[in-house]
Amino acid sequence: MRMLLAGRLAQTETLIDEVFALRQRARTPNATLLYMVQLFTLRREQGRLAELELPIRTLAEQYPMIPAFVSPRGCVLVAGVRGTDRACP
């Protein structure tokens, strides 16, 4: 995430993708979740959060016990992705 903090967004995306591939090969159980957290941070900086609404909803279905998805804050996360004030559903 140092690249992100330095404003090097294209390089950040490349590294996020490379690390995700490594995590998948290593069979890291939460590889997808970690990938999405990093991608969310990047997309927020790029002003492209709307692209993540469906993937975040899919993660919420896959990981129903993660408070970020099932709590009111999780709904706010989805609303933020939509660019609205309206929360779940």
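Residues numbered from 1 in each chain as written. Predicted model: local features only at pLDDT ≥ 70, side-chain atom pairs only at ≥ 80, totals over all residues. Heavy atoms only, no water.

**Digging into the nonpolar core**
Using the following cut-off: Definition used in this section: a nonpolar core is a set of buried Ala, Val, Leu, Ile, Met, Phe, Trp, Tyr and Cys residues joined via side-chain atoms within 4.5 Å. When accessible area is computed with a 1.4 Å probe and restricted to protein chains, residues below 20% of their type maximum are described as buried, those above 50% as exposed, and intermediate ones as partly exposed. To qualify as a helix, a DSSP run of H or I must reach at least 4 residues; to qualify as a strand, a run of E must reach at least 2; elements of each kind are numbered from the N terminus.
Tyr35, Met36, Leu39, Phe40, Leu42, Leu52 and Ile56 are the most contacted members of the largest nonpolar core, which has 14 residues in total. Only α2 (9-25), α3 (31-46) and α4 (53-62) provide two or more residues apiece to this core. A total of seven residues in this core trace back to one element, the largest contributor, which is α3.

**Considering α2**
Defined as follows: The length a helix should cover is 1.5 Å for every residue beyond the first. By the convention used here, residues are in contact when the closest approach between their heavy atoms is within 4.5 Å.
Compared with the 24 Å implied by 1.5 Å per residue over 17 residues, the 25 Å span of α2 between its first and last C-alpha is a close match. Close packing links the buried residues of α2 with α1 (2-5) and α3. Positioned one or two residues after α2, Arg27 has a phi angle of 55 degrees, which is positive.

**As for unusual backbone geometry**
A positive phi is found at Arg27, a non-glycine position, where the angle reads about 55 degrees. By secondary structure assignment, the location of Arg27 is in the loop between α2 and α3.

**Focus: α3**
Between its first and last C-alpha, α3 extends 22 Å over 16 residues, near the 22 Å set by a 1.5 Å rise per residue. Those residues of α3 that fall on the buried side of the exposure criterion are Ala31, Leu33, Tyr35, Met36, Gln38, Leu39, Phe40, Thr41, Leu42 and Arg43. At the exit of α3 stands Gly47, carrying a positive phi of roughly 75 degrees.

**Here we look at the confidence of the model for the protein**
Formally: Residue-level confidence of the predictor is what pLDDT reports, using numbers from 0 through 100.
Here the protein averages 80 in pLDDT, and 75% of its residues register 70 or above. Across the protein, the element-wise mean pLDDT spans from 56 in helix α6 (residues 72-82) up to 95 in α2.

**Points about the pattern of salt bridges**
Stated formally: Salt bridge criterion: a side-chain nitrogen from Lys or Arg within 4 Å of a carboxyl oxygen from Asp or Glu.
If you walk through the whole model with that rule in mind, you get four salt bridges. A salt bridge links Glu45 to Arg44, with the shortest nitrogen-to-oxygen separation between them at 3.7 Å. Its salt-bridge partner being Arg48, residue Glu51 comes within 2.7 Å of it at the nearest N-O pair. Note on Arg48: relative accessible area 31%, which makes it partly exposed. One salt-bridge network, in which partners are shared between bridges, spans Glu13, Arg43, Arg48 and Glu51.

**Describing the environment of Ile56**
Mapped onto the elements of the fold, Ile56 is located in helix α4. Residue classification places Ile56 among the buried residues on the basis of a relative accessible area of 5%. For the pair Ile56 and Leu33, spaced 23 residues apart in sequence, the C-alpha separation works out to 9.4 Å.

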